[in-house]
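Coordinate analysis (summary)
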Amino acid sequence: MMKVIPAILLLFFYTGILKSQTTNGRIQIVNENSGKILCNVQVNLEDDSSNIGNFVNRINYDSNAISFPNEPQASVDYWFHESEGAKYFSSVTKPTEGTVSINVAHLSGIGHPIGSNYIDIASLKFNTISQFNSDNMQFGLRQFFAPYSSKMWKNGTWSISSLGEEYVPLLISPFNNEIKSSNSVVFSWQKIEDASKYHLEIALDATFEKIVYSIDDITGNEIIVKDIVNGSRYYWRVRSFKQETPSHYSKNSSFVITVFKPDEIVASSYNDQFVQLNWQNNSTTAQYIVVERMAANLENDGFVVIDTIDANRTTYLDSNIESDITYTYRIHAINRDSFSEYSDSASILMSVKDIEAAENLPKDFKLQQNYPNPFNPQTTISYAVKEDSNIKIIVYSLLGEKIATLIDESQNAGKYEIIWNAGNYPSGIYVYIMTAESTVTDHTFQNVKKMILLK
């Protein structure tokens, strides 16, 4: 497969605005007879029409199969297709190690106009040494510049073929920028009557450097590709074959497979004070989960976004609630390229049973200094747990040796204390470390304090 060398190209408009443009190109083999090959270098633009300023086009070729004159003559061995009102100075380098370059400098006028259709910009004649095929010729460096600017355009895809435009398939489905919710996709294109087979490529980028599917020997003009990863934008193109001769690729077309939506959402009361949401994630490409809420008894405009969290989470704690309000929740997954449909909704009526208890719940994780300190032989350690969490409190010597594990269990939100009896340990300075890992959110906590045992 031909490797395209990437370049960063920008287009300069006459208004002075810089706009990114992508040039696609190809070498069209026009004649293969009398020991000579005539080929046209063609380009088009993916987006808006504009004009070519200076450009360099380097072609690499197999010098054992074809050759180029050591002293190339303008209008004989090569020529540039100028348009009315544009003047250029053009030259072709002497061939070196199977490489020849077309160099064109824009002198005056508006420049050579190009748009979405391919146009010829230059022609070259090669001499054949042995039987020629498209593998004998490859693209090298390609740099195209906008008029009066040193900014290059972005380089797109390039191909080589002796087959004409009538062999280039017209893409039908999926249409450009189509959004699909299934990861089984039907690809179809216009049938070429004289084609023996087709070749389909699907990539993650418009330059087809990140190809995820390359399917050869397709006999019809339709194929189903299953299990395409959801949540990404894909680019696809097709070329036909006449016997074993490939056509140019079709123009690129893109589509998006949406992120699969999360489901099985459940809303439940957490400690009779908050709402806890749980759900099932169904996409490996989602980056975030967007949580939306609607309060039925309050004046509102329906669902509003209350948080955006990491897509690895499958639970969420909503602490900003009021008593005797029915809350309805829904979520959806998103990433850079796509977003999912909404999950089903889940509702819950919250009636806070003990307002005073709610106010007394810890607002943060906290580890208190032990009391008394110094102590002999026992001391009390108090701590607060903000939400249901896995709690560990471990005592260490100053050398880092583990002395005792005081707590290692899951605990509900609340305030706690534990007594450590150090009767079997020598006098000295000890440290105790509290670690908390929430089981309902992504909150974590760790704190260290010193204590002195004096006997």
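Use the structure listed above.
Throughout this document, residue positions are counted from 1 along each chain, in the order its sequence is written. It should be noted that, the model being predicted, local features are given only for residues of pLDDT at least 70 and side-chain atom pairs only at 80 or more, the latter also being counted only at that level, while totals for whole chains, interfaces and linings use all residues. No hydrogens and no water enter the side-chain calculation; it runs on all heavy atoms of the structure.

**Regarding the overall build of the protein chain**
Here is the rule: Numbering of helices and strands starts at the N terminus; helices are DSSP runs of H or I of at least 4 residues and strands are runs of E of at least 2. With the radius of gyration taken over C-alpha atoms, the globule rule is written as 2.2 Å times the number of residues to the power 0.38. Think of it in three bands: with a 1.4 Å probe and only protein chains considered, a residue is buried below 20% of the maximum accessible area for its type, exposed above 50%, and partly exposed in between. Between two residues, a contact is recorded if the distance between any of their heavy atoms is within 4.5 Å. The accessible surface values rely on the Shrake-Rupley method and a 1.4 Å probe; as for residues, cover is taken only from the protein chains in view. Asp and Glu are treated as the negative residues and Lys and Arg as the positive ones, with His and the ends of the chain left uncounted. The atoms used to mark charge sites are NZ of Lys, CZ of Arg, CG of Asp and CD of Glu.
Secondary structure assignment for the protein chain yields 1 helix and 37 strands. Here the C-alpha radius of gyration of the protein chain, 35 Å, is well above what a compact globule of 455 residues would show, namely 23 Å. Oriented by its inertia axes, the alpha-carbon framework of the protein chain measures out at about 105 × 55 × 45 Å. Per-residue burial over the protein chain gives 47% buried out of 455 residues. Sequence-distant contacts in the protein chain: of pairs separated by 6 or more residues, those separated by 24 or more amount to 67%. Element-wise, carbon and sulfur atoms account for 47% of the exposed surface of the protein chain, whose accessible area totals about 23,100 Å². Positive and negative side-chain charges of the protein chain, numbering 36 and 51 respectively, have mean locations separated by a distance of 6 Å.

**Quick look at the pattern of salt bridges**
It is possible for side chains of opposite charge to pair when their charged atoms get near one another. For clarity, the cut-off: Any Lys or Arg side-chain nitrogen found within 4 Å of a carboxyl oxygen on Asp or Glu counts as a salt bridge.
What the rule picks out here adds up to 11 salt bridges. A salt bridge links lysine 94 to glutamate 71, with the shortest nitrogen-to-oxygen separation between them at 3.1 Å. On the criterion of sequence distance, the pair formed by lysine 94 in the loop between β9 (86-92) and β10 (99-109) and glutamate 71 in the loop between β7 (66-67) and β8 (78-80) is long-range, its members being 23 residues apart. The shortest N-O distance in the salt bridge between lysine 242 and aspartate 194 comes to 3.7 Å. Here lysine 242, found in strand β21 (residues 232-242), pairs with aspartate 194, found in the loop between β17 (185-189) and β18 (197-203); they are 48 residues apart in sequence, far enough to count as distant. Taking relative accessible area as the criterion, aspartate 194 reaches 42% and is therefore assigned partly exposed. Sharing partners across several salt bridges, the network here consists of Lys197, Asp217 and Glu244.

**Describing the sheet that holds strand β33 (residues 389-397)**
To keep things clear, this is the line we draw: Any two strands are treated as partners once DSSP identifies two or more bridges connecting them. Fitted lines through C-alpha atoms give the axes, limited to the stretch in contact for helices. The angle between two N-to-C directions lies from 0 to 180 degrees.
Taken in spatial order, the 4 strands of this open sheet run β34-β33-β36-β37, and their pairing is antiparallel. With partners counted over all chains shown, the strands left at the sheet margins are β34 (402-411) and β37 (444-453), one partner each. Within the sheet, the average angular offset between the axes of one strand and its neighbour, ignoring direction, is 15 degrees. Where strand β36 (residues 428-438) meets β37, 10 bridges bridge the pair, whose relative direction is antiparallel. When the sheet's bridge partners are listed, tyrosine 432 is paired in β37 with lysine 449.

**Observations concerning the nonpolar core**
How we decide: We call a set of buried Ala, Val, Leu, Ile, Met, Phe, Trp, Tyr and Cys residues a nonpolar core when their side-chain atoms join them within 4.5 Å.
Membership of the largest hydrophobic core comes to 34 residues, with the highest contact counts inside it found for Ile52, Ile121, Leu124 and Phe126. Here the element with the most residues in this core is strand β4 (residues 36-45); it accounts for 5 residues. Listed in part, the 23 residues of the second largest apolar core include Phe375, Val385, Leu406 and Tyr432.

**As for the pairing of strand β12 (residues 119-128)**
With 8 bridges connecting them, β4 and β12 associate as antiparallel partners. From the neighbouring strand, isoleucine 37 faces β12, where its bridge partner is phenylalanine 126. Where β8 lies against β12, 3 bridges are found, and the strand directions are antiparallel. Directly across from tryptophan 79, in β12, lies its bridge partner serine 123.

**Re the sheet that holds strand β29 (residues 325-334)**
What the 4 strands build is an open sheet, ordered β27-β26-β29-β30; its pairing is antiparallel. With partners counted over all chains shown, the strands left at the sheet margins are β27 (304-310) and β30 (346-350), one partner each. Each strand of the sheet is rotated relative to its neighbour by a mean of 25 degrees, with strand direction disregarded. Examined bridge by bridge, β29 and β30 share 5 bridges and lie antiparallel to one another.

**Description of the environment of proline 95**
Note that proline 95 resides in the loop between β9 and β10. For proline 95, a relative accessible area of 18% corresponds to the buried category. C-alpha of proline 95 to C-alpha of lysine 210: the two residues are 115 residues apart in sequence and 32 Å apart in space.

**Quick word on unusual backbone geometry**
With an omega of -5 degrees, the peptide bond running from tyrosine 371 to proline 372 counts as cis. Tracing the sequence through the fold places proline 372 in the loop between β31 (366-367) and β32 (378-385). Of the consecutive residues asparagine 373 and proline 374, the connecting peptide bond is found in the cis state with omega at 5 degrees. Mapping proline 374 onto the fold places it in the loop between β31 and β32. Its identity is not glycine, yet aspartate 217 carries a phi of approximately 55 degrees, on the positive side. Accessibility expressed as a relative area gives 51% for aspartate 217, which makes it exposed. Non-glycine residue glutamate 264 carries a positive phi angle of around 55 degrees.

**Overview of the packing of aromatic side chains**
Quick reminder of the rule: Centres within 6.5 Å are what make two rings of Phe, Tyr or Trp a pair, Trp counting through its six-membered ring; a difference in plane orientation under 30 degrees is then read as stacked, over 60 as edge-to-face, and the rest as tilted. Any Lys NZ or Arg CZ found within 6 Å of a ring centre and within 35 degrees of that ring's normal is scored as a charge over the ring.
Considering all chains together, one arrives at 15 aromatic pairs under this definition. Ring geometry for tyrosine 270 against phenylalanine 274: centres 6.1 Å apart, planes inclined by 20 degrees, an arrangement best described as stacked. There is no split in this pair, since tyrosine 270 and phenylalanine 274 are both buried. Seen from their ring centres, tryptophan 420 and tyrosine 430 are 5.9 Å apart, and the 75 degrees between their planes marks the pair as edge-to-face. Residue tryptophan 420 is located in strand β35 (residues 414-421), and its partner tyrosine 430 is located in strand β36; the two are separated by 10 residues in the primary sequence. Each member of the pair, tryptophan 420 as well as tyrosine 430, is classed as buried. An aromatic cluster is present here, built from Phe187, Tyr234, Trp236 and Phe255 joined pairwise through their rings. In this structure, arginine 26 is placed above the aromatic ring of tyrosine 118, and the distance from its NZ or CZ to the ring centre is 3.8 Å. Its end group placed over the ring of tyrosine 342, arginine 330 keeps NZ or CZ at 3.7 Å from the ring centre.

Such coordinate-based values are descriptive only and should not be taken to indicate function.
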